[in-house]
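Chains, contacts and geometry: an overview
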Amino acid sequence: MGGRDRPGIEEPQLAEAAARLRAAHYVVALTGAGISVESGIPDFRSPGGLWSVFRPEEYATIEVFRANPEKAWRLYRALGETLVGREPNPAHVALAALEQAGLLRLVVTQNIDGLHQAAGSRNVVEIHGDHRRLQCVRCGHLEEARPERLAERVPACPGCSAPLKPNVVLFGEAVRDLDAIEQAARRCDLLLVVGTSAQVYPAAAIPSLVRAGGGAIIEFNVEKTALTAARHPRDFFFRGPAGTTLPQFAQAAIPRDQTA
Ligand code: NAD
Ligand code: ZN
């Protein structure tokens, strides 16, 4: 029993999980705030995180944006500051390498930081949007979030002059690409769950869909989650910082002649 709970990845399990990955047909990775912690982006919920300064119900809802965009922009600017200048870490790079080796089909991320793409992942679904662009909720206009635009108190849409917001999903807005992720979850026979408590819908639904279809889950987290507690004998839990465990796993899984 307990062997699979010990910190780090031990050799027999590493080899077993790597073989499972190579044998799988449709591998998906689900990532959350934890994968970017080692890039210097704290998760929002921890003490001192963004939500302790800007209470989400007071700043991060679509209603607040509509009623008082100037107030909402105080949060958006603080959010932008935590994300700007960040670089992918070895966990993002490992997922990109797995995709390049043909061992990973899709990354579904709850993050808005763009670090998967920066690491070289191509097939990425950002269910909570991205912070690299500004969005007009009235006419659908999208533009790059350039510094001179961010310097305006509330940037306005060049098409319809409505206030713009970052292209991120606020509380009260619909998540993106639900159909695509549901389809992927149904096809998926192996799911990598990295740095997420997977408690928020729709991320929470993906592991259940994969399990219902007979698929397995390999979880990478610094601590146990509700998912770990409910794990099936075919699942793995690799405890430790994803920047250490994921590269170890990717290296074991990628055939030697494909590594540099
Ligand atoms: P969460 O805060 O619920 O969970 C983060 C998980 O990461 C925890 O289970 C924690 O144990 C784990 N973790 C922390 N450090 C880790 C590490 N080094 N390696 C592996 N695991 C680690 O986060 P969530 O489930 O992603 O939900 C928070 C929401 O806030 C997300 O929906 C996301 O959109 C948003 N968010 C985004 C960013 C970003 O874009 N980087 C950052 C913070 C929050
Ligand atoms: Zn517009």
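Residues numbered from 1 in each chain as written. Chains lettered and ligands numbered in written order. Predicted model: local features only at pLDDT ≥ 70, side-chain atom pairs only at ≥ 80, totals over all residues. Heavy atoms only, no water.

Let's talk about the packing of aromatic side chains
Counted only if it meets this: Here the aromatic set is Phe, Tyr and Trp, taking the six-membered ring for Trp, and pairing holds for ring centres within 6.5 Å; pairs whose planes are under 30 degrees apart are stacked, those over 60 apart are edge-to-face, and all others are tilted. Relative accessibility under 20% of the residue-type maximum defines a buried residue, over 50% an exposed one, and the middle range a partly exposed one, all with a 1.4 Å probe and only protein chains included. Placement of a charge over a ring requires the Lys NZ or Arg CZ to be within 6 Å of the ring centre, with the centre-to-atom vector within 35 degrees of the ring normal.
Going through the model one piece at a time under the given rule, you end up with 9 aromatic pairs. With a centroid separation of 4.9 Å and 90 degrees between ring planes, the pair formed by F54 and Y59 is classed as edge-to-face. Look at F54 and you get buried, because its relative accessible area is 14%. The exposure class of Y59 is buried, given its relative accessible area of 10%. Put simply, the rings of F220, F236, F238 and F249 touch in pairs and so form one group of aromatic residues. In this arrangement the basic side chain of K71 is found over the ring face of Y59, its NZ or CZ atom lying 5.0 Å from the centre.

Focus: the sheet that holds strand β9 (residues 236–239)
Under the convention used in this document: Strand pairing requires that DSSP identify at least two bridges connecting the strands. Strands are runs of DSSP state E lasting at least two residues, helices are runs of H or I lasting at least four, and both sets are numbered from the N terminus onward. Every axis in this analysis is a line fitted to C-alpha atoms, fitted for helices over the stretch in contact. Angles between the N-to-C directions lie between 0 and 180 degrees.
If you trace the 6 strands from one edge of the open sheet to the other, you get β3-β2-β1-β7-β8-β9, paired in parallel fashion. Whereas interior strands pair on both sides, the edge strands pair on one side only; in this sheet they are β3 (124–126) and β9. Mean inter-strand twist for the sheet, computed between neighbouring axes without regard to direction, equals 15 degrees. Where strand β1 (residues 27–31) meets strand β7 (residues 190–194), 5 bridges bridge the pair, whose relative direction is parallel. By the bridge assignment for β7, L30 is matched with V193.

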